[in-house]
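Topology and contacts: notes
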Amino acid sequence: MHSGTGRATMSGGGASSMVTPLLRTPVLVVGAGVTGCLLALELARHEVPSVVLERADRPARYPDLTTVDGRSMELLRRLGLAGAVRATAVDPAGPVQVLWSRRLDQAPVHVWRLPSPDELRRGCAGEDPPVEPHLLVSGADLAAALLGAVAAHPLIDLRTGWTCTDLRPEPDGTVASVLDAAAGTRHLIEARYLAGCDGTHSTVRRCLAVPVDEAGRAADHLTVTFRHPLCPKQKGGPPAGPTMIIAGGSTLSCRGPGDVWVAQVPLGRHEATATDPVGLLRDRLGLELDAPDVLGVTQWDDGLGVASHFRRGTTFLAGQSAHRFHPSSGRVGTCVGDAVDLGWKLAAAVHGRADPALLASYADERRQRALVDRELLVRALETRRRFGRLAAAGAPADVLAGFLRREPPWSI
Amino acid sequence: VLFRSHRLVQGRGARMTEHIFGRDRELVMIRRALEDTAAGAGGCRVLTGPGGIGKTRLLRAAGDLADELGIAVAAREAFKHDLAAPLVTLAGALRNCSPPTGEFRWLSRPDRHDDPFLLLEQLRASLETFASRRPLLIVIDDAHWMDELSALAFRELVPALESFPVRWIFAARADQSGAEATGRDTLRWLARRGTEPLRLDVLGDGAVAELCAEAIGSEVDNTVLALAGGCGGNPLRIEQLLTALHRTGQLVVSDGTATVVGSELPSSFVDTVRDILDSLSAGTRLLLQAGSVPARPFGLEAAARLMRRDPAELFPAIDEATAAGLLVDETDGLAFAHDLVRQAVYNGLRRSVREQLHRDAALIARDEHRPAREVAEHLLRSGRSGTAEAIATLRDAAAEVAAVAPATAADLIMHALQASGEHDPQRATLTAEAVGLLAAASRVADARRLGEEALRSGLTPENEAALLLGLAEACKHAGQNPASIGYADRGLALDGLSDGVRASLHAIRAHALVYVDDLAAADASGAEADRLGRSGREFGAAVFGGTARMLVAQARGRLGVAYEHAAAATELADRTGGAARHRHPRIWLGSALTSLDRFDEAGRTLRAGREESERLGANWAQPLWHYYTAALLAARGRLDEAAAEADAGVTTAEQSTAYQLAVPLLGTLIRLAVLRGDLETAQSSLARMRRLIATGITAAPEDVLWSEATLIAATGAPDEAVALVAGLYDTMPARPALLAADPAAAGPLVTLALAAGDRERAGLAARAARELAARNPGSCSAAAAAIHAEGLLTADPVRLRAAAEKFRSTPRPLALATALEDAAAAGRDRADPAVVRGWYDESLAIVTACGARQAQGRLERRFGPARAGPPAGRTCLPQLSPAERNVALLVADGLTNVEVAGRLFLSRHTVDSHLRKIFSKLDINRRVELARVVADECPGNRLTT
C-alpha cells in the first residue's frame, strides 16, 4: 500500500499481501549499537552488503564507562577500527583506580590500580606488551564511532529512524515489517539472513518468542547518571583519572575530573518502582544531590539472562538481545565476539561457501561463550556483594582488604 | 466517585481504560465473597502487592460489583496524613458511604466523643444497626497508612461484626517501612485471624498485551510489547510508559497498529514521569509540582496559593494535567492518578523550590485546620528556619492526640526529637514525654532504649525522676517486673524529689514487687505510696499504692485486710476524682469481695467499675474487668458464662496489644475449659499462653503454673502436675494467694497431691487452708475448705460431709459439689449406701447444672448415670448453654450485639464471644441463619432466665 522510496523495489510476497516488499538484502541487521555496527562492518569486510535498521536517530543521552578488552581491540583492528576507537578512549595515559570503600565518606580500604593502556603498550615487568591493550571508553562514544564507520561504508545501507516491527519466516529467508517513523510508512524487507542486535528489550527476540533464562533471582537496580562536583568525599578530593568506586553494595564510576558520575545502586527487595533517585543516593551513598543534578535514571535487574536459543532458522540473536549482561558487566567483549563470529560465518553462507554446520556453530559456540562469561560475571558480582555484606556487618578495614587481596583483580 | 480513579487518560488518539486485565481469579474471589455478603455473611480480606500493581482498580471493581448486588459501599483511600488524624481512615470511609446514609453522620459532628472506647462503642452500634438493614462493604485502600485509632477499631470491629453482613477489604503495599507500623501490625493481625492475604502478582504477557492495546486503543506490535516487557508486569509503569511514549511522539499508530519508534525511550519510572512532565506546558508543570507537595488531595484555592496565581488561571493547566492522565478531579479535590506518580514529580523538585513550597504549604495546612502533624511535616521540610516551629507544632500535636492515640503521639515526639539538635535544651523534656507515650503505646523496648540514652546524657533530678517513673511504668505494663523495680529504685535514690513523685515511684514499685513475690517490700512501698500520695496530693499514686497493698494482703491470705485496702482506695478515688479515678480501684475491690463470698456486692462493684471505666475510656482496664468477672462467675458455678468472659478478655487484651494481661486470662480459660471437659480448648489456650510467655511476659504462678497443672492432671498425669507446681505447694502456707482468690481450691489441691502420692504436699495445702480459715474467722468458705482439706487427708467421710454442709451456706455450688463427691467417695464402703447415693445425686445435679462436664463424667463413671430426676423442662437448642441460648434468642429477635449486651448486662465482647460459640455449635455463620434455626426450634422464643 505504500509506494516506497527505497532503492531496490521489487515484486513478490504473495498476492494476498497488502504491502509490497520494498527491499531485498542478503543480511538485515536490526539495531545499530556496538553489536549491529560491528556485524555490518564484518560482513562488509567480506564484501557482503547489508541493511542496518536503527530506531534512534540520535546518539544515546548519557555516557557510561565500558571496558573494551584487548581481544576485542584486536578484532576491531582487523576491521581497521582500532584507531577510531582508541581516539574515543578515556584518558589512555591514566591508570584506572578501583576504590573499595566501606562508605563513600570513608577512605578506601583497598585500591586496585589497573595499568593504563599506555603503560601496557610500553610493556611492564619484562613481559611483552600485548598486541592491543584494553581501553576504557564511554559506551555512547564507542557506539557513535562505530555508527560513523557504518554510515560511511558503501556496502552498508544504514536506515536510522527505521523500526523493525515484525518478522515472518519464509522458506529461504525472513520478511521483516518495518516502519519508517519520519515518513510514517510501513515497508517489508526480505532478507536471506536477519540478525537481531536490538538490545535488552529486543523486538526480534520477542518476535521469535525466544525465552530468556536467568542466572538466579533477579534484583532490581537503578542506574543514576548525575553531576556532582566533589564526588566522592574520598581523601584527595575528586578523582584524577578514570575511577570506579565500590562502596557498600553500590558502584560508582566516572571518566575523570569534571565528568558526570554513573551510580549503580541495588533497590530494596520490595521497591518495585523507584521514585526517588536523590533519596536513594543519599540513603545508600550519603551523597547530597539536588534533583536537577540527576540527569537520567535507568531501572534494570541483574538477572543476567541468556536467550535459550541464539538462532531460529535464518534469524539470529547477537549482543544484548542474546545476553543481558549490561550494565552489570561494564564490558563489551561478549558483544564484539558475537558480532565478528556471526559476521564472517554469515558472509561465508552468503557466498555459498559455508557448510550448514558452520552457521549452527554460531549459536552453539556463542551461547556457550555467553554462559561462560556469565559465570565469570556472577563471580565478580558475588565478590562485590560479599564485600558489601561484610562492610555492612561492620568488618574492620584489614579484614575487608584481606578479602579483596584474595580475589583476582579482574573481578570488577 | 468512590475511588480516586486511576485512569490512563491520554491526549489525542488514546483513551482511558477502566478495564482490569489478568485478574480473573481475584475478581471471581471477590464476586463470590460479595455474593455471600449479599446473602448475610461477613468477612475480611487483605489484598497486598507492590505499588502500581492494580489494587485500587480491583477495589474499585469490588465497589461496582457491590453496588450491583445492592450492598452499600464505604470506601476510603488512606494516605500518609491519616496517620496523624485519629479515626480519619474509618470515619472517612463511613462518611462517604454510598448510597448516603444518616447513620454515620454523627462522625462529622464536632461534639462527638474523643474518648476511644466510647467512640468505638458508638461506631459499633451504628454499624450493627446499619448492617441489620443493609449489607455493607467497607473498603480501605492503602491501608498501611491507617491511623492508630482506626487500627484499634478494625481490630475490634472486624471480629465483632463477623455475624453481620459486613465485608471488609483492605489493600496495602507489600513493602516494609517504619512509619506505618501500626497499620502493618493490624493488617498482619487481620490476615492471621482470617483468610490468607490475597497477593496481586505481576501481570503475565497476555494481560500486558491486552492492557497495552486497551490503553492505546489500537493493536500493538512487538515493539510495544518488547518495551512494555521491561516494566516488570506492573500496570502503572506500563501505562505511564505508554503515556510518555505517546506524548513524546515516540508511539506511532498507523494502519490501526501502534509501534514504538524514536530515540529517547524512557528506561525507568522516574524518567517516564519526567518525560510526561516535560511534554506539558510550563503552567501545567508548575501545577503538578506544587500539587505534589501537600501529599493529599488538594483544592483549587490551595494550588493557586502555592503557585501564587489567581485560581481562575489554573483551569487550563488542570485540564491539561487531567488529559495527560496525571491528575484526577475527585470529590475531595484534585489528586494524582497514583501516589507513585506524585512521588516521582515531588522528588524531581529542585530543593529551593521544594522548601519554598513546603513553607507555603504549612501556612495553608494551618489555615485549613489540618492536623498539627501535617503542618509540622511541612515545616520540617521547609529548611532550617522551620525546625523550631516544627518542634513546637509537633509537641502540640502530640498533646492533642496522646489520650486517643498514644503511638501516634509517641511518633510525633520522636519526630520532634529527631528534628531537635543534639544540644537542644528541650531535649530532656521531649525525651521524658516520648518515653511516657511509648510506654502508653506498649512500645516498651523503644521506651527503654530511648530512656537509657537520655539517662546517660545527664539530666536534672526532676527530669531524671520523671523519666525513671515513665520507664518503671512502661516495664510494669509490659509485665517486666524486675526491670520496673530497678527503675523505681533508681528514681527513689535521687535527692530532692517531691512527695508526689516519690509516691508515684512507690506505687509502681509496690505493684511490681507483688509479682516478684516480695510481699513485705511490696506492702511497705504500697504504704509509702499511700502516705506520700495523700500528703503530696498525688491521689492516683495513693490509690494505686492501696490496691497494691490489697494484693499483698490477699496473697498473704488476709481477706478482711485486703478488702479494707481496696475499699479505702475506692473511697479515696471516688472522693478525689481525677487521676485517682483512672486507677480503677473497683477492679480490686470486686476481687476482694469475691474472696469474701460477697458475690452480689462483687457483681455490682465490677459492673459499676466497668461502666465507669467505659465512660472514662480506660481501654487498658477492659481485660481486668473480664478477668475478675470471670473469676466471680466461675465461683458462682456459671462456667459457660465465665468462659465467655475470659474469652472476651483475651480478645480485648490482644486488641489493645496488652498481651501481659492476656496471660492470666488464658490461664483462666485453661482452668475453665478443664472444668467444662473441653481439653481441646484447654490445650490451644495453653499453647497461646506459652507463646506469650516466650516473649518475656511474666505473670503470677497461680495463673500460669496452676492452670497448666490442672490441665496435666486432667490428662491423667497427677505426678507431672504436682511436679510442675511443687513450688506453689511449698510456699502456700506463706503465700496462700491461690486459696485466698478461691478458697475452694484447697480440696482439688489436696486431691491432686494425694493422687500423685505426695502426702507431704497434700499436708502443706491442708495446712495453708487451715491457716487461711484461722486468719479469716468470718469466711465460711475458708472454714469449709479447711475441713474439706483435712477430710481428704484423713479420708474421713464425716469430715467431708461436714465440709459440704458448710459449703452449702456459701454461694459456691461447685465447692459444695466437690465436697459431696469426695464425701461420697470416702463413704462408699463405710456409710449407708442410700445416703452416699444421695450425696452423689446432689453432686451430679449441681455439676450438671453448672456445666462442669469434667466432674459430671467422672461422677457418672464412678457411680453410674443419674437416676431419673424431676423431668427437666424441655428447652430448645439443648446444645447451647443457658447464657448462649439467651443471646441466641435475642439475636434471632433482631437485636444487635450492642443491644443484646445492654439487655443482658454483659460487655459487648462477652456477647461476641457467646455468639462465636453459638455459630460454631450450630455450624452457621449468619444472623439470618440463626433467626431461622430459632424460629424452627424455639417457637415460643422465651428467655430462660
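First, a word on what this report is: a plain description of the structure on this page. (Residues numbered from 1 in each chain as written. Chains lettered and ligands numbered in written order. Predicted model: local features only at pLDDT ≥ 70, side-chain atom pairs only at ≥ 80, totals over all residues. Heavy atoms only, no water.)

**Looking at the overall build of chain B**
What chain B contains, in helices and strands, is 48 helices and 10 strands. Expected size for 945 residues packed as a compact globule is a radius of gyration near 30 Å; at 32 Å, chain B falls within 12% of this value. For the C-alpha atoms alone, the extent of chain B along its principal axes is close to 110 × 75 × 45 Å. Per-residue burial over chain B gives 59% buried out of 945 residues. The contacts of chain B with a sequence gap of at least 6 include a subset with a gap of at least 24, amounting to 69%. When the accessible surface of chain B is totalled, it reaches about 35600 Å², and 51% of it is carbon and sulfur. (Helix = DSSP H or I, 4+ residues; strand = E, 2+ residues; numbered from the N terminus. Rg over C-alpha atoms; globule rule 2.2 N^0.38 Å. Buried < 20%, exposed > 50% of the residue type's maximum accessible area, 1.4 Å probe, protein only. Contact = heavy atoms within 4.5 Å. Areas by Shrake-Rupley, 256 points an atom, 1.4 Å probe, with all protein chains shown as cover.)

**Section: the interface of chain B and chain A**
On the side of chain A, 38 residues touch chain B, which itself brings 41 residues to the contact. Summed over both sides, the interface of chain B with chain A buries roughly 3300 Å², with 49% coming from carbon and sulfur. Of all residues in chain B, the largest losses of buried area upon contact with chain A belong to N222(B), S263(B) and E264(B), amounting jointly to 16% of the total for that side. At the boundary of chain B with chain A, the tally comes to 2 salt bridges. A salt bridge links R351(B) to E288(A); its shortest N-O distance comes to 3.9 Å. Taken together, the links from chain B to chain A amount to 15 residue pairs in polar contact (both at pLDDT 80 or more). Residue assignment for the side of chain B that touches chain A shows that the elements contributing at least two residues are α8 (222-228), β7 (251-254), β8 (257-260), α10 (269-278) and α14 (339-347) of chain B. (Buried area = accessible area lost by both parts, 1.4 Å probe. Salt bridge = Lys/Arg side-chain N within 4 Å of Asp/Glu carboxyl O. Polar contact = N/O pair within 3.5 Å; in protein donor to acceptor, adjacent residues only side chain to side chain.)

**Description of helix α24 (residues 519-535) of chain B**
Residue and element names in this part refer to chain B. Across its 17 residues, α24 extends 24 Å between first and last C-alpha, which sits within 8% of the 24 Å expected from 1.5 Å per residue. Of the residues making up α24, those classed as buried are L519, A521, A522, D523, S525, G526, A529, D530, L532 and G533. Residues of α24 that are buried in the fold lie against α23 (499-515) and α25 (539-555). Backbone geometry just after α24 places R537 at a positive phi near 55 degrees. (Expected span 1.5 Å × (residues − 1).)

**A short note on the sheet that holds strand β6 (residues 219-220) of chain B**
Residues and elements named next belong to chain B. The 3 strands lie next to each other as β6-β8-β7, forming an open sheet whose pairing is mixed. With one partner strand each, in any of the chains shown, β6 and β7 form the two edges of the open sheet. Two strands pair when backbone bridges link them, and β6 and β8 are joined in this way by 2 bridges, in the parallel orientation. When the bridges of β8 are listed, V220 appears paired with A258. (Pairing = 2+ DSSP bridges.)

**Let's talk about the pattern of salt bridges**
Side chains carrying opposite charge are able to pair once their charged atoms draw close together. Residue and element names in this part refer to chain B. A full pass over the atoms with the stated rule returns 76 salt bridges over all chains. Where D271 meets R274, a salt bridge forms, and the shortest distance between an N and an O atom there is 3.5 Å. Here D271 and its partner R274 are both found in helix α10, 3 residues apart, which amounts to about one turn of the helix. By relative accessible area, which is 26% here, R274 ends up partly exposed. A salt bridge links R858 to E821, with the nearest nitrogen and oxygen atoms 2.7 Å apart. Taken together, the positions of R858 in helix α44 (residues 853-863) and E821 in helix α42 (residues 813-827) put the pair 37 residues apart, joining distant regions of the chain. Taking relative accessible area as the criterion, E821 reaches 3% and is therefore assigned buried. One continuous salt-bridge network, built from bridges that share partners, spans E121, R124, E128, E156, R908 and D912.

**Comments concerning the sheet that holds strand β1 (residues 43-49) of chain B**
In any sheet, the strands associate via hydrogen bonds between backbone groups, in a parallel or an antiparallel arrangement. Residues and elements named next belong to chain B. One open sheet accounts for 5 strands, arranged β2-β3-β4-β1-β5; its pairing is parallel. Single-partner strands in this sheet number two, and they are β2 (72-77) and β5 (198-199). Examined bridge by bridge, β1 and β5 share 2 bridges and lie parallel to one another. Bridging across to β5, T48 finds its partner in R199.

**Side note on unusual backbone geometry**
Most peptide bonds adopt trans geometry, and most residues besides glycine take a negative phi value. Residue and element names in this part refer to chain B. The omega torsion across S98 and P99 is 0 degrees, close enough to zero to call that bond cis. Relative to the helices and strands, P99 is located in the loop between α3 (88-95) and α4 (116-133). Although it is not a glycine, D142 adopts a positive phi angle of roughly 50 degrees. Structurally, D142 can be placed in the loop between β3 (136-141) and α5 (148-160). When its relative accessible area of 11% is taken as the criterion, D142 is described as buried.

**Description of helix α11 (residues 282-291) of chain B**
Each α-helix turn comprises 3.6 residues. Residues three or four places apart therefore point the same way. All of the buried residues in α11(B) are T284(B), L287(B), L288(B), A290(B) and G291(B). For α11(B), the angular spread of buried residues about the axis comes to 165 degrees, placing them on one side. (Arc of directions from axis to C-beta.)

**Some details on the environment of V725(B)**
Residues and elements named next belong to chain B. Residue position: V725 is located in the loop between α35 (718-724) and α36 (726-731). Residues V725 and I918, 193 residues apart in the sequence, show an inter-C-alpha distance of 35 Å. With sequence-adjacent residues up to four places away left out, V725 is seen in contact with L705, W706 and A709.

**Considerations on the packing of aromatic side chains**
Residues and elements named next belong to chain A. Taken as a whole and assessed by the stated rule, the structure comprises 11 aromatic pairs over all chains. With a centroid separation of 5.0 Å and an interplanar angle of 70 degrees, the aromatic rings of W100 and W112 are classed as edge-to-face. Of this pair, W100 sits in strand β4 (residues 96-101) while W112 sits in strand β5 (residues 110-114), and the two are 12 residues apart along the sequence. Summarising the burial analysis for this pair, W100 and W112 share the class buried. Ring geometry for W100 and F387: centres 5.0 Å apart, planes at 75 degrees, overall edge-to-face. In this pair, W100 sits in strand β4 while F387 sits in helix α9 (residues 356-392), placing the two residues 287 residues apart along the sequence. By the burial criterion, W100 is buried, and F387 matches it. Among the aromatic residues, ring-to-ring pairing joins Y193, F310, F316 and Y362 into one connected group. Across from the ring centre of W162, 4.7 Å away, lies the NZ or CZ of R159, which sits over that ring. (Phe/Tyr/Trp six-rings, centres within 6.5 Å; stacked < 30°, edge-to-face > 60°. Lys NZ or Arg CZ within 6 Å of the ring centre and 35° of its normal.)

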